[in-house]
Amino acid sequence: MPPTAKPSPTAQDLPAPSFPAIESLLEAASVEEVRGFFDSVKTGLTDLKGPKVEQGKKAQAAIGRAEELLGLLVETRERLIAESKGGKGRK
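On a plain count of helices and strands, the protein comes out with 4 helices and 0 strands. Going from N to C terminus, the protein has its helices and strands arranged as α-α-α-α. Counting every position in the protein, which comprises 91 residues, the buried fraction comes to 12%. For the protein, the share of sequence-separated contacts (at least 6 apart) that also reach a separation of at least 24 residues comes to 68%. Of the roughly 7,700 Å² of accessible surface on the protein, a fraction of 61% belongs to carbon and sulfur atoms.

Here it is in structure tokens:
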């Protein structure tokens, strides 16, 4: 018996993504704090020796990208806050 095709879920069926830990972190952190979150991990990755060095380089690249994205989110938050405190359009 051939497998029956299941209907793919629509956007209405999927739960809304929620990342409360990241949200609360970004609400309270500054750009410098976000960049400093991964310092100890990056230091540990540079100390790797042997066959784990290649994996460490990949992890460092991923951490760098995560830092960049988190920094962008914090900067966007700060910009939105500044805009909301600024003028409310033309007068």
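Following the structure, the description resumes.
Each pair of packed helices can be described by the angle between their axes along with the distance between the axes. Close contact between helix α1 (residues 20-28) and helix α4 (residues 53-85) brings their axes to 9 Å; oriented N to C, the two are set at 60 degrees. Looking at the two axes, α1 sits oblique to α4. The crossing of α1 and α4 is right-handed. Mapping the contact onto sequence places Ile22, Leu26, Glu27 and Ala28 in α1 and Leu70, Leu73, Val74 and Arg77 in α4. Split by residue class, the contact of α1 with α4 holds 6 nonpolar, no polar and 2 charged.

We now examine the confidence of the model for the protein. Detailed conclusions should not be drawn from predicted coordinates in areas where pLDDT is low. A residue-level look at the protein finds 78% of positions with pLDDT of 70 or above and a mean pLDDT of 79. Mean pLDDT in the protein bottoms out at α1, which sits at 77, and peaks at α4, which reaches 89.

Conventions and cut-offs
Residues numbered from 1 in each chain as written. Predicted model: local features only at pLDDT ≥ 70, side-chain atom pairs only at ≥ 80, totals over all residues. Heavy atoms only, no water. Helix = DSSP H or I, 4+ residues; strand = E, 2+ residues; numbered from the N terminus. Buried < 20%, exposed > 50% of the residue type's maximum accessible area, 1.4 Å probe, protein only. Contact = heavy atoms within 4.5 Å. Areas by Shrake-Rupley, 256 points an atom, 1.4 Å probe, with all protein chains shown as cover. Axes fitted to C-alpha atoms, helices over the stretch in contact; angles between N-to-C directions. Parallel < 35°, antiparallel > 145°, perpendicular 65-115°, else oblique. Left-handed = near helix turned anticlockwise from the far one by under 90°. Nonpolar A, V, L, I, M, F, W, Y, C, P; charged D, E, K, R; others polar. pLDDT = per-residue confidence, 0-100.

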